[in-house]
Amino acid sequence: MDKNTNLSKHHIHWAVALIPLAVLIALQVLVIREFGSDALDGASQTALLLSAGVAVAIAMIGYRVPWSDIDRAISDNVKTIGSAILILFLIGAVSGSWMMSGVVPTMIYYGMKIVSPSVFLFVACLICALVSVVTGSSWTTVATIGIALMGIGTAHGYSVGWTAGAIISGSYFGDKISPLSDTTVLASSVGEVPLFKHIRYMLITTVPSFTIALTIFLVASLCHTTDSGLQSELFAEGLQRVFSISPWLLLVPVVTGVLIALRLPAVIVLFLSALMAGVVMLIAQPEIVAQVGDGNNFRGLMLTYYSSTSIDTGNEALTSLVQTRGMRGMLSTVFLIFCAAAFGGALTGAGMIQSITSALAKGISGRRSLVSTTVATGLIANITTGDQYLSIVLTGNIYKKLYKEKGFEGRLLSRSTEDSATVTSVLVPWNTCGMTQSLVLKVPTIEYLPYCFFNIISPLMSILIAMLGYKIFRTEEK
C-alpha cells in the first residue's frame, strides 16, 4: 500500500462533494431492496461505477479537474488491493479444502459437544478474540474458526445474524489490538506513535467496549430458549454419516496456528494451510474426493480448491452449511473491490473527500469535537473509499497536523482512527471487509450488522472517553 496517498487540492464545496455519496447510498438501498442477497452478483458493482461516474462528471465538467488527476488516484487505489485479492482467493481455497477434508466438520462435531448452547455466543466471541490476537488477522480468524462456529451456532438454534455478530466482534477485537495486525501497525505509523504505546492507549477504549459486547452476548446466550438438542443430534449424525470424523484432523488447524505463531505472512500461512488440507482430504475423505471429481481424485481436489462443491447430507440445513464456493466464489467480491477502488479513487482525485473532511474540521474547538470528527471521518472514509487501509491512511493524514496544532498527542489520533476506521469497515456492505466477511460467513452484511456490538460500541466509546477527558494528554509544546 502507498501510505503516502496525496489528496487532490481542487476546491469543491463539501455539499457538492456529498452528491456522489448520496447517489451511492440511494442506489445501494434500491439494489438491496431489488436483488437482496444477489446484489453482489453485479448490481452493487454497477452502483459503485455509476456513482464514480457522477463524481467524475461533477469534477471534470463543473470544476475542470484534469482526468489525469482522477486516473492517477484510481490507479493508486487499485495498487493497494493486490495483496487483499490474493488473500481472498486463498481464503476461498482454505474454506473449500478445510470443509471437504473434514477439518471444519470435525470442529463442528466436537464443538457441539463441548460448547453449551447457554453460553455459546459468549464463548464464540471470546474464542475469536483470542485467535485474532494471536493471528493479528480478522480475515483469517473468520475464514477458519469462524466458519466452524457458524455451524455450531446453527446446530444450537441461533440465528445467523447473532452468531456472525459474535464472531466478527471477537475477530475485530484481536485485529485491533494485536501487535501482529497490519491495521494496528498502520494506524500507529500514521499517527507517528510507537506500536506498543499505541496498543496500551487503545486498551482504554477497547476493553470497556469488548466487555460490554461480551456481556450482551452472555445475556443473549442465557436467554436462548430454543430446544437445540434434536437439531444438534441430527447435525452430528449427518456429519458422521458423510465425513470421517477424527481428532487427528485437528492437526491441520494446530499446525496452521504454529505457522501463525512463527509470524509468517498471511499469504504463506493460508497457502500452506490449504495445501495441508488437500493432502488430508485425499487420505481421510477419499469417497468425498471421488464424488466431487466424478471418480477422478485429482479432478476432485482441484474442484475443491477453485469451484463450488456440495455434498448431500440428508439434512437440508447441514447440506447448505457444508457447501463451499472455492476461489471462484470470490470473483464477485474481487469485482466489487475493483469497483470500490474506482469509486474511492474518483472521490480522492477530485478532492471531494478532502472537502468533506475540511468542512467537518471547521467546527473543531476542543478534544470532544476533535475526536468526534475524527471518528466520523473514519466511518465516512470506509463508506466512500470502500477500503479499510485507505480509510486509516486518509483519516490519519488529514488530522495529523490539526492534532499537533491543538496540542494533543499523536496516540489520541491513532486511537481515534482505529476506533472508527478499523472496526466499522466490516459494517459497510461494499467495503472490502464487509464484502469478505459476508461472503465467507454466508450472511448478508445488513443481517449481521445489528449484532456486531463491539464494532458499533467502539467508536461511541472513543467519543465518550474524549468527552470525559480520561487520560487525554496534551503535548508540552502547543
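Just so it is clear, the model here is predicted, and its values are computed rather than measured. Along each chain, the written sequence defines residue order, and numbers are assigned to residues from 1. Reporting of local features is limited, given that this is a predicted model, to residues whose pLDDT is at least 70; pairs of side-chain atoms are given and counted only at 80 or more, and all residues count toward the totals for whole chains, interfaces and linings. Side-chain descriptors were evaluated using all non-hydrogen atoms of the structure, hydrogens and water having been removed beforehand.

Engineer: Help me understand the overall build of the chain, please; the structure alone is not making it clear to me.
Structural biologist: Summing up its helical and strand segments, the chain has 24 helices and zero strands in all. With a 1.4 Å probe rolled over the protein chains alone, any residue whose accessible area is under 20% of its type maximum counts as buried; one over 50% counts as exposed, and the rest are partly exposed. Evaluated residue by residue, the chain yields a buried proportion of 56% over its 478 residues. Within the chain, residue pairs in contact and separated by at least 24 positions form 78% of the contacts whose partners lie at least 6 positions apart. Carbon and sulfur atoms form 65% of the exposed surface of the chain, whose accessible area is close to 19200 Å². A run of DSSP states H or I qualifies as a helix once it reaches four residues; a run of E qualifies as a strand once it reaches two. Both are numbered from the N-terminal end. Residue contacts are defined here by distance: any two heavy atoms, one from each residue, within 4.5 Å place the two residues in contact. Per-residue and other accessible areas follow the Shrake-Rupley method at a 1.4 Å probe size, with only the shown protein chains counted as cover for residues.

Engineer: How should helix α24 (residues 453–468) be read in this particular structure?
Structural biologist: Helical periodicity: at 3.6 residues per turn, an α-helix aligns residues three or four positions apart in one direction. The end-to-end C-alpha distance of α24 is 22 Å, a good match for the 22 Å that 16 residues give at a rise of 1.5 Å each. All buried positions along α24 are accounted for by F453, F454, N455, I457, S458, P459, M461, S462, I465 and A466. Just downstream of α24, G469 is the residue with a positive phi angle, here 75°. The span expected for a helix works out to 1.5 Å for each residue beyond the first.

Engineer: Looking at this structure, I do not really get the packing of helix α9 (residues 182–190) against helix α10 (residues 195–222). What am I missing?
Structural biologist: Between two packed helices, what matters for the description is the angle formed by their axes and the separation of those axes. Lines fitted to C-alpha atoms define the axes, with helix axes restricted to the stretch in contact, and inter-axis angles between N-to-C directions lie between 0 and 180 degrees. In the contact formed by α9 and α10, the axes pass within 9 Å of each other and the chain directions differ by 105°. It follows that α9 is roughly perpendicular to α10 by the angle criterion. Facing T184, V185, A187 and S188 of α9, the residues of α10 in contact are L195, H198, I199 and M202. Polar here means any residue other than Ala, Val, Leu, Ile, Met, Phe, Trp, Tyr, Cys and Pro, which are nonpolar, and Asp, Glu, Lys and Arg, which are charged; Gly is therefore polar. Across the contact of α9 with α10, the residue classes break down as five nonpolar, three polar and no charged. Angular relationships are summarised with four words: roughly parallel below 35 degrees, roughly antiparallel beyond 145, roughly perpendicular across 65 to 115, and oblique for the angles in between.

Engineer: Is there a simple way to think about the packing of aromatic side chains in this case?
Structural biologist: Ring pairs (aromatic) are described by centroid distance and by the angle formed between their planes. The pairing test for Phe, Tyr and Trp rings, Trp by its six-membered ring, is centres within 6.5 Å, and the orientation test on the planes gives stacked under 30 degrees, edge-to-face over 60, and tilted for anything in between. Taken as a whole and judged by the stated rule, the model has eight aromatic pairs. With a centroid separation of 6.2 Å and an interplanar angle of 80°, the aromatic rings of W162 and F217 are classed as edge-to-face. Remark: F217 occurs in helix α10 and W162 occurs in helix α8 (residues 160–177); sequence separation between them is 55 residues. Residue W162 is classed as partly exposed on the basis of its relative accessible area of 23%. The class of F217 is buried, set by a relative accessible area of 0%. By the ring-pair criterion, three or more aromatic residues cluster together here, those being W162, F217, Y451 and F453. Charges are assigned to positions over rings by a cutoff of 6 Å between ring centre and Lys NZ or Arg CZ, combined with an angular limit of 35 degrees from the ring normal. For the cation-ring pair, R411 lies above Y201, with the distance from its terminal atom to the ring centre recorded as 4.6 Å. Residue placement shows R415 over the ring face of Y201; its charged tip is 4.2 Å from the ring centre.

Engineer: Would you mind going over the packing of α10 against helix α21 (residues 410–424) with me for this structure?
Structural biologist: Look at α10 against α21: their axes get within 9 Å of each other, and the N-to-C directions meet at 55°. One way to sum up the angle between α10 and α21 is to call them oblique. Crossing handedness for the pair α10 and α21: right-handed. Residues K197, H198, Y201, M202, I204, T205 and T206 of α10 touch α21, and the partners they reach there are R411, L412, S414, R415, E418 and D419. When its residues are assigned to classes, the contact of α10 with α21 shows four nonpolar, four polar and five charged. Handedness of a helix crossing follows the sense of rotation of the near helix relative to the far helix, less than a right angle counterclockwise being left-handed and clockwise being right-handed.

Engineer: How should the side chain of S209 be read in this particular structure?
Structural biologist: Checked against the element boundaries, S209 lands in helix α10. Contacts of S209, omitting those with residues within four sequence positions, involve F454, I457, S458 and M461.

Engineer: Even after reading the chapter, I still don't get the confidence of the model for the chain, so can you show me in this structure?
Structural biologist: Note: predicted coordinates in regions of low pLDDT should not be interpreted at a detailed level. On average, the chain scores 82 in pLDDT, and the residues at 70 or more come to 90%. pLDDT is a residue-level measure of predictor confidence that goes from 0 to 100. Long-range and interchain partners of residues 1–8, a stretch whose pLDDT sits below 50, account for 23 contacts in this model, where long-range means more than four residues apart.

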